[in-house]
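Chain by chain, the residues:
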Amino acid sequence: MIINERVTDYINFLDKELPENLLYLEKYALDNHVPIIKKETQGVLRFLLQLIKPIRILEVGTAIGFSALFMSEHTSSACKITTIEKVQMRLVEAIKNLSDERFTNRDKITLRQGDAIDVLKELVEDNLNYDFIFLDAAKGQYMTFLPELMKLLAPGGILVTDNVLQDGTVVNSRYSITRRDRTIHSRMREYLYTITHMPELETVILPVGDGIAISLKNH
Ligand code: SAH
Ligand code: MG
């Protein structure tokens, strides 16, 4: 928790309730320790989707499909969502949820199975581009994904990156971080420094949920 818990609870209390189908999936994810987007992050995503009205969305990190289905509920009927997942255990559940009739907008979503770095390269080869990218996969790989994501992000498009503040520990000194977490700590700092200093991007970092970065690609 980055922000005072009571403040977060209050903001979440004010937020719109999820529709029943998503509420059920959210509860399932929380009960089974699937790291889905937090309530506060849902609010920001919903707001951005309604503001930008994207037509082509790319998500890196499907897990069990919660955020993809969430986005399918807050986009126009013309919108297509491509989402990438590599872990078999997650894929089994994602496939099940993405074909569940309770989610009436599920047809917008295409699941791509495989390691994101390979799938991203295929999407680049196919000359595809996206006006909204949601990056929510292995944090240590964000720097590796970035060059491909920059090719895939259309001018004027938005890149939203989740979990960038790592419960606030990203601000701690390298020496106070356990050895095990040092690599991820320095990689995330490098990623954040890069996206805030690239001339192609205008980036804001928000201490919402587990920390999100919102980057606009200049025309
Ligand atoms: N966006 C989801 C949560 C994603 S959790 C939601 O909010 O509902 C992160 C997911 O990214 C995990 O399921 C993990 O298996 C997947 N992942 C991590 N590294 C990956 C990679 N290199 N390629 C594809 N998927 C990856
Ligand atoms: Mg996340």
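Residues numbered from 1 in each chain as written. Chains lettered and ligands numbered in written order. Predicted model: local features only at pLDDT ≥ 70, side-chain atom pairs only at ≥ 80, totals over all residues. Heavy atoms only, no water.

(A) Spatial organisation of the nonpolar core. The biggest cluster of nonpolar side chains holds 30 residues, and the ones touching the most others in it are L45, M71 and F132. Elements that contribute at least two residues to this core include exactly helix 2 (20-31), helix 3 (39-52), helix 4 (66-72), strand 4 (130-135), strand 5 (153-162) and strand 7 (212-217). Top contributing element to this core by residue count: helix 4, with five residues. Beyond its immediate sequence surroundings of up to four residues, L45 is in contact with I37, F70, M71, F132, F134 and V160. Among the nonpolar cores identified, the runner-up in size contains 29 residues, and A116, M150, L159 and M188 belong to it. (Core = buried A, V, L, I, M, F, W, Y, C linked by side-chain atoms within 4.5 Å. Buried < 20%, exposed > 50% of the residue type's maximum accessible area, 1.4 Å probe, protein only. Helix = DSSP H or I, 4+ residues; strand = E, 2+ residues; numbered from the N terminus. Contact = heavy atoms within 4.5 Å.)

(B) Examining the layout of surface pockets more closely. There is about 890 Å³ of room inside the largest pocket. Along its surface, the largest pocket is lined by 42 residues, and V34, P35, I36, D136 and N163 are the ones closest to its centre. Where the lining of the largest pocket is concerned, the elements lending two or more residues are helix 1 (5-14), helix 2, helix 3, helix 4 and strand 2 (80-85). Classifying every residue of the lining of the largest pocket by side-chain character gives 15 nonpolar, twelve polar and 15 charged. What lines the second largest pocket is a set of 15 residues, and nearest its centre among them are T8, I11, E40, V208 and G209. Counting only elements with at least two residues in the lining of the second largest pocket, the list comes to helix 1 and helix 3. Here the lining of the second largest pocket is built from residues that sort into eight nonpolar, four polar and three charged. (1 Å grid on protein atoms, 1.4 Å probe; cavity = no way out; pocket = protein on both sides within 12 Å on 5 of 7 lines; lining within 4 Å. Points joined across faces, edges and corners; volume = space filled by probe spheres on them. Nonpolar A, V, L, I, M, F, W, Y, C, P; charged D, E, K, R; others polar.)

(C) Up close: the site of ligand 1. In the vicinity of ligand 1, 21 residues are found, and the nearest of them are G61, S67, E85, A116 and D136. In this structure, a nitrogen atom belonging to ligand 1 sits 2.8 Å away from a side-chain N or O atom of S67. Here a nitrogen atom of ligand 1 and a backbone polar atom of K86 are 3.4 Å apart. In the complex, 93% of the free accessible area of ligand 1, which totals 580 Å², lies under the protein chains. Judged by its atoms lying within 2 Å of the grid points, ligand 1 is housed in the largest pocket. (Near = heavy atom within 4 Å. Polar contact = N/O pair within 3.5 Å; in protein donor to acceptor, adjacent residues only side chain to side chain. Areas by Shrake-Rupley, 256 points an atom, 1.4 Å probe, with all protein chains shown as cover. Sits in = over half its atoms within 2 Å of the grid points.)

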